[in-house]
Amino acid sequence: MPLTPLDIHNKEFARRIRGYDEDEVNEFLDQVIKDYESVIRENKELHNQLMSLQERLDHFVNIEDTLSKTIIVAQEAADELKNNAKKEAQLIVKESEKNADRIINEALSKSRKVSLEVEELKKQASIYRTRFRSLVEAQLELLKHDGWESLESREPSLEPKEVY
């Protein structure tokens, strides 16, 4: 157990004939007591200061840990958000590609349908033209026959003809 200033103050030495000067020893002991008390006080102050600094250090270590955890959580959240955005972008691209394919297929289908309709109309126009030509040619043939010339040379009579 360490010495206290009181222990030093209460210490009594045995007396001998050729011993030390008692006043000098008492003065020295008084100085030792004062210095020892000063060292103890300073030690307590340093200990208190150390405790205060240790508390502050613990506080800052806790803040550091909290910040580290927060940064990690924020980084994970950012990574997750980034991954979700990539996935969503991929889905949008796939959906757009599907829509584009559908639109292209519909356009091709309509184009084929229109093309078939155009071909059908061309065929019908050709048939109509051929029939009309045949009709016109038949009418021309009728006009070319000699029967029309005889009708043209006769005088019209107002008497009705008998039909048998």
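Here the structure is a predicted model, which means the values were calculated and not measured. (Residues numbered from 1 in each chain as written. Predicted model: local features only at pLDDT ≥ 70, side-chain atom pairs only at ≥ 80, totals over all residues. Heavy atoms only, no water.)

Caption draft 1: Highlighting the overall build of the chain. The helix and strand tally for the chain stands at 3 helices and 0 strands. Going from the N terminus to the C terminus, the chain shows its helices and strands as α-α-α. The buried share of the chain, taken over its 164 residues, is 2%. When the accessible surface of the chain is split by element, carbon and sulfur atoms take 57% of a total near 16400 Å². (Helix = DSSP H or I, 4+ residues; strand = E, 2+ residues; numbered from the N terminus. Buried < 20%, exposed > 50% of the residue type's maximum accessible area, 1.4 Å probe, protein only. Areas by Shrake-Rupley, 256 points an atom, 1.4 Å probe, with all protein chains shown as cover.)

Caption draft 2: Geometry of the environment of lysine 11. Relative to the assigned elements, lysine 11 resides in the loop between α1 (5-10) and α2 (22-144). Classification of lysine 11 as partly exposed rests on a relative accessible area of 48%. Separated by 18 residues in sequence, lysine 11 and leucine 29 place their C-alpha atoms 9.2 Å apart.

Caption draft 3: Layout of a nonpolar patch on the surface. Taken together, Tyr128, Phe132, Leu135, Val136, Leu140 and Leu143 make up a surface patch of nonpolar side chains, about 610 Å² in accessible area. Mapping valine 136 onto the fold places it in helix α2. (Patch = residues over 30% accessible without salt bridge, like charges linked within 9 Å, V, L, I, M, F, W, Y side chains within 5 Å. Salt bridge = Lys/Arg side-chain N within 4 Å of Asp/Glu carboxyl O.)

Caption draft 4: Inspection of the confidence of the model for the chain at higher detail. Mean pLDDT over the chain stands at 88; residues scoring 70 or higher make up 88%. By mean pLDDT, helix α3 (residues 147-153) is the weakest element of the chain at 60, and α2 is the strongest at 94. (pLDDT = per-residue confidence, 0-100.)

Caption draft 5: Fine view of the pattern of salt bridges. For the structure on display, the rule yields 3 salt bridges. Glutamate 106 is paired through a salt bridge with arginine 102; the nearest N and O atoms lie 3.2 Å apart. Of this pair, glutamate 106 and arginine 102 both sit in helix α2, separated by 4 residues, roughly a single helical turn. Given a relative accessible area of 40%, glutamate 106 falls into the partly exposed group. For arginine 102, a relative accessible area of 41% puts it in the partly exposed group. Residue glutamate 141 pairs with lysine 144 through a salt bridge whose shortest N-O separation is 4.0 Å. Highlighted residues: glutamate 141 and lysine 144, both in helix α2, separated by 3 residues, approximately one helical turn. Residue glutamate 141 is classed as partly exposed on the basis of its relative accessible area, which comes to 43%.

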